[in-house]
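# Reading the structure
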Amino acid sequence: MDRLRTLELFVAVADRGSFTAAARAKRASPQAVTRAVAELEARLGVMLFHRSTRAVSLTNEGAGFVEQARRIITDLADAERQIAGTRVEPSGQLYITAPMMFGQMHVAPVVAELIDRYPLLDVRLLLFDRNVRLVEEGIDVAVRIGALADSSLLAIRIGAVRPVIVASPGYLARFGVPTSPSDLAQHRLIFSSGPRSAGEWRFDGRPAPAPQQSLTVNTIASAIVAAEAGVGLANFLHYQAEDAMQAGRLIEVLKPTEPESMPIHLLFASGRSNSPATRAFVDAMKQRSHHCSWGR
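Summary of the structure given here. (Residues numbered from 1 in each chain as written. Predicted model: local features only at pLDDT ≥ 70, side-chain atom pairs only at ≥ 80, totals over all residues. Heavy atoms only, no water.)

### Brief notes about helix 9 (residues 276-289)
The end-to-end C-alpha distance of helix 9, which contains 14 residues, comes to 20 Å, matching closely the 20 Å that a straight helix rising 1.5 Å per residue would cover. Looking only at helix 9, the buried set comprises Ala277, Thr278, Ala280, Phe281, Val282, Ala284, Met285 and Ser289. Along its buried surface, helix 9 packs onto strand 3 (92-98), helix 5 (100-117), strand 4 (121-127), strand 5 (141-145), strand 6 (154-161) and strand 14 (262-268). (Helix = DSSP H or I, 4+ residues; strand = E, 2+ residues; numbered from the N terminus. Expected span 1.5 Å × (residues − 1). Buried < 20%, exposed > 50% of the residue type's maximum accessible area, 1.4 Å probe, protein only. Contact = heavy atoms within 4.5 Å.)

As structure tokens, this is what we get:
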């Protein structure tokens, strides 16, 4: 009889105080249970039970060994469930939320790959420039940029971004290049009304001086268009302006010597950690981060 089965029968006798009751619970004959325990005692060289005509009770050695046996059985069952879970194909609905522009640039391509790979998977991708409450709004995984509040949610860091202040070459030719935050009083600034609006024009915790003129927009895309058109200086997260900077349409100014880093996390409830769909998305985002500037 294999050792795991022997341990299961031993624990059943310990729990029920009877060889007969253990045999019924484990669908074995009383003789098989008695023989298994006797073989275990012989192999260990100790008596595990006190036997009488009325009851069976653990010896000191048996009491010490039963907890180890329980742990072995539990660990093996957990390992089997985990391995079995990795073989289950992601399926059903997966609700994901992310910031608008990051979601369009980096989450939507990952979702497209997952849908191609797993035909039983349905994804709902919700893009908002606000922090969504996962449990209350039925979200499986959230992409979150910035510092995290304390919570019971699990968080996996996949990268980081930094703020950049940029302007078009044409704007800088007309108005000059600012060399310190105090210079911003002589410039035009582009503001956004998103979640970063309260802190996007702060330096060392202090707000920038009131600008000469300003424009306020409610989307990052419109702010980028305005900045490229020469309307003024704009403050973005690096990934948002990366394409325009690489193409020379926007130029970074006031570059700090020690850039502030804002982490990127994937958030999900602990109950979702073993979901094949959640694991597939998390793994795919980790893989994408290896090839993006924000993942370095």
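Continuing now.
### Things to note about the pairing of strand 12 (residues 233-237)
Most of strand 12 sits out of view: 5 of its 5 residues are buried. A two-sided burial pattern is seen for strand 12, the buried positions comprising Leu233, Asn235 and Leu237 on one face and Ala234 and Phe236 on the other. Inspection of the sheet shows strand 7 (residues 163-167) paired to strand 12 by 4 bridges, in the antiparallel sense. Bridged to Val164 within strand 12 is Phe236. Examined bridge by bridge, strand 8 (residues 188-192) and strand 12 share 2 bridges and lie parallel to one another. If you follow Leu189 over to strand 12, its bridge partner there is Leu233. (Pairing = 2+ DSSP bridges.)

### Some points on the pattern of salt bridges
Applying the stated criterion across every chain yields a total of 6 salt bridges. Here Arg51 makes a salt bridge to Glu41, at a shortest N to O gap of 2.9 Å. Note that Arg51 is positioned in strand 1 (residues 49-51) and Glu41 in helix 3 (residues 30-44), a separation of 10 residues in sequence. Arg162 is the salt-bridge partner of Glu252, the closest N and O atoms lying 2.9 Å from each other. Residue Glu252 is located in strand 13 (residues 251-253), and its partner Arg162 is located in the loop between strand 6 and strand 7; the two are separated by 90 residues in the primary sequence. Arg162 matches Glu252 in its accessibility class, with the two residues each being buried. (Salt bridge = Lys/Arg side-chain N within 4 Å of Asp/Glu carboxyl O.)

Geometric descriptors of this kind do not, in isolation, establish any biological role.
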